[in-house]
Each structure stands twice: as structure tokens, then as C-alpha cells.
Amino acid sequence: AAMAKEKLPVWFRKKIPASRVKNEVEDLIGDLNLQTICTSALCPNRGNCFSNRTATFLIMGEICTRNCTFCAVKKGRPFPPEESEPARLAEAAKRMDLKYVVVTSVTRDDLPDGGAVHFAAVVRELKRMAGITVEILIPDFQGSLEALRKVIRAEPDVINHNLETVSRLYPEVRPQADFHRSLELLKKSKELARGIVTKSGFMVGLGETPEELFRAMEELRQSGCDLLTIGQYLQPSLQHHPVVRYVPPQEFEEYARRGEALGFRGVASAPLVRSSFEAAELFQKIRSQKGEGAFLLTDS
């Protein structure tokens, strides 16, 4: 994709690690015919993460049924989910010796359950391996409580669902999504399973004001959300939503302070932070804070 030729601020320049491990991880993912959001969404941190044996797997194909204006994932008509995918993903986690696995998916508005059953199958396969923590980054399932319930019954450790931006910008940035529906999904996750950790994130630089972001953070916290990530939006191509502004690092630090003051149990806020950025470390923050209550399904 043609990148916008405008110069990135100095705080974005970073060395790309050329490492044997990175190549190993890339080969392995290719061998098992798996996708990662790292590559599909052109994440700027993928070299670092692959070098640390971390990857966020993208399930149910690479084609999304929605056309958000910020995202580099291909749009169109997807293929049916592959039944062998959960086993292949678990195999990759085993071969990579992963202790913390993040799984996300394209949004499958074409499937009656939005792909919830497939999501649950992946989580179950991973949870059969001892000592693995599973974080899932889910779509909104069009607000279906039944779909959310299916996923939660598989007992993931962390449910992540990104608000992405402030409600005013939804029509422009996430035309098929709804800010309050997404909030509700996070709130319901907490109600359906006590002890589950919830997480959400924002991209900044899309045209929001700091006040709007603070307000959105407050609403997110009121819905019981535990972990928060905030990063700079980068334009994947000229066809995507433009970067309205590059937010300076000091402002990200201010957002982190605000987030902690609001009571989030872990906040990652910096220009290059992405939703799965150092996910294991952010999760550890919670684990170390207090004896965490056991995961409990409140309705079976």
C-alpha cells in the first residue's frame, strides 16, 4: 500500500530488529497456514513482537465484512471458517512455546453467530494446554448476548474489545459499529463471568479532542473495564482516514495518568502502543495487584 509520504514525527523512528527468532516465527505462521493481525494490519511493532515470540493470531480468514476507514485489513466477502484452524493455532502456540496468546478475528457479520462458536473452539483448544493465558480481541457480534455468552463459556482469561475512537467520530471511522453497543458488550462480559479481565483501546489523532477522549475513558471505566491501551493512529494507505494530528508523547503520558486516576488497573499509552502491545505485561499488572478471584461463569 502506498504510504502517505508525509514525514513521521521523530518519536516514531525506531530500529527494526532483524532477528533469527523473527524469521522463525514468520516461517512457522506461514507453515501452519495461519494469519496474524500483525501482518494483515501492518502493525509497526511486529518485528519486536515476533522477536519476543509474541503474535496476535487472526482467525476466520483475512477478509472483513465491515469497512472501517482506519483499518488495513481487506474488505469483502469472506470464506467459511476452516474447521482445522483451532488445532493449527494451538499447534503454533505449542511450537512457539507461547505462554500468552492473543487471538482476534475479522468481523463476520455474514455468519449467524458472528463466528462466536469458532472463536470458542479456538479458545478451548488453547486452554487444553497447561499454563497458557488466552486473551481474545472480539468484534461486537452486532450486540448479540448469545454470541458473547458462547465465547465466554470457553473461559478466555481476557476479553478485549476496542472502542477505537470517541462516539462523535463513529459514523466517519466505524460506520457499521456503535459506541454504546461496544460499551455494553464490555459491561456484559463482566456480568457473565466474574473474575474475567476486560480490556479496550483507543487510537488517537483521528480528530477527537482530549476532552472527548477523557469522557470516553470515563464511560469505559464505568462499564467496569480493567485495562486500557491508547496509541497513535497511522494511516495504512491514502484511501484510509487521514491522520488529523500526531499526538506528542507528553499528551500520551497525561492520558496514562488520567486512566490510572480513573481506576483502570493497567494503562499502556504511547504513540506506538497497539491493542495487543505487551499484552502479557499489562495482564501481569493485574495478577500482581491482588489475589485475583477465580474465573466464575455466572450463568451456565
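Rules of the game
Per-chain numbering applies: the sequence of each chain, read as written, is numbered from 1 onward. The predicted nature of this model means local features are confined to residues of pLDDT at least 70 and side-chain atom pairs, given and counted, to a pLDDT of 80 or more, with totals for whole chains, interfaces and linings taken over all residues. The side-chain figures draw on all heavy atoms in the structure; neither hydrogens nor water molecules are used. A run of H or I in DSSP counts as a helix once it spans at least four residues, and a run of E counts as a strand once it spans at least two, with each numbered from the N terminus. Note on exposure labels: buried denotes an accessible area under 20% of the residue type's maximum, exposed denotes more than 50%, and partly exposed covers the range between, all computed with a 1.4 Å probe on protein chains only. Only heavy atoms enter the contact rule, under which two residues are in contact if any of them lie within 4.5 Å. Using the Shrake-Rupley algorithm and a 1.4 Å probe, accessible areas are obtained, with residue cover drawn only from the displayed protein chains. Per-residue confidence from the prediction method is given by pLDDT, with values spanning 0 to 100. Between any two strands, at least two bridges found by DSSP are needed for them to pair. Stacked, tilted and edge-to-face are the three classes applied to pairs of Phe, Tyr and Trp rings, where Trp contributes its six-membered ring and a pair requires centres within 6.5 Å; stacked means planes under 30 degrees apart, edge-to-face means over 60, and tilted covers the rest. In the sections that follow, a salt bridge refers to a side-chain nitrogen of Lys or Arg positioned within 4 Å of a carboxyl oxygen of Asp or Glu.

Draft legend 1. Fine view of the overall build of the protein. Of regular secondary structure, the protein possesses 11 helices and 12 strands. Expressed as a percentage of the 300 residues in the protein, the buried residues total 53%. A separation threshold of at least 6 residues defines the contact pool for the protein, and within that pool the share at least 24 residues apart is 75%. Counting every atom, the protein has about 13600 Å² of accessible surface; 53% of that belongs to carbon and sulfur.

Draft legend 2. Seen up close, the confidence of the model for the protein. When the pLDDT values of the protein are averaged, the result is 82; 82% of them are 70 or greater. Scored below 50 in pLDDT, residues 1-5 makes 9 contacts in the model with residues more than four places away or belonging to other chains.

Draft legend 3. Just the sheet that holds strand S11 (residues 266-269), in detail. Spatially, the 8 strands line up as an open sheet ordered S1-S2-S5-S6-S7-S9-S10-S11, and their pairing is mixed. Only two strands of the sheet have a single neighbouring strand rather than two, namely strand S1 (35-36) and S11. Pairing geometry for strand S9 (residues 197-204) and strand S10 (residues 227-232), over 6 bridges, is parallel. From the neighbouring strand, phenylalanine 202 faces S10, where its bridge partner is isoleucine 230.

Draft legend 4. Broad picture of the packing of aromatic side chains. Under the criterion given, the structure shown has 4 aromatic pairs. Each ring, one from phenylalanine 252 and one from tyrosine 255, has its centre 6.4 Å from the other, and the planes form 85 degrees; the classification is edge-to-face. Of this pair, phenylalanine 252 and tyrosine 255 both sit in helix H10 (residues 249-262), 3 residues apart, which is roughly one turn of the helix. Accessibility expressed as a relative area gives 0% for phenylalanine 252, which makes it buried. Taken together, Phe214, Phe252 and Tyr255 form an aromatic cluster joined through their ring pairs.

Draft legend 5. Structural context of the pattern of salt bridges. The full count for this structure, using the stated rule, is 17 salt bridges. Of the charged contacts, one joins lysine 199 and glutamate 135 as a salt bridge, the two residues approaching to 2.9 Å between their closest N and O atoms. Taken together, the residues span a long stretch of sequence, with lysine 199 in strand S9 and glutamate 135 in strand S6 (residues 133-137) at a distance of 64 residues. Neither residue differs from the other here; lysine 199 and glutamate 135 are each classed as buried. Close ionic contact of arginine 215 with glutamate 218 constitutes a salt bridge, the shortest N to O distance being 2.8 Å. Of this pair, arginine 215 and glutamate 218 are both found in helix H9 (residues 210-222), 3 residues apart, which corresponds to roughly one turn of the helix. Judged by its relative accessible area of 33%, glutamate 218 is partly exposed. Put simply, Glu184, Lys188 and Glu191 are held in one network by salt bridges that share partners.

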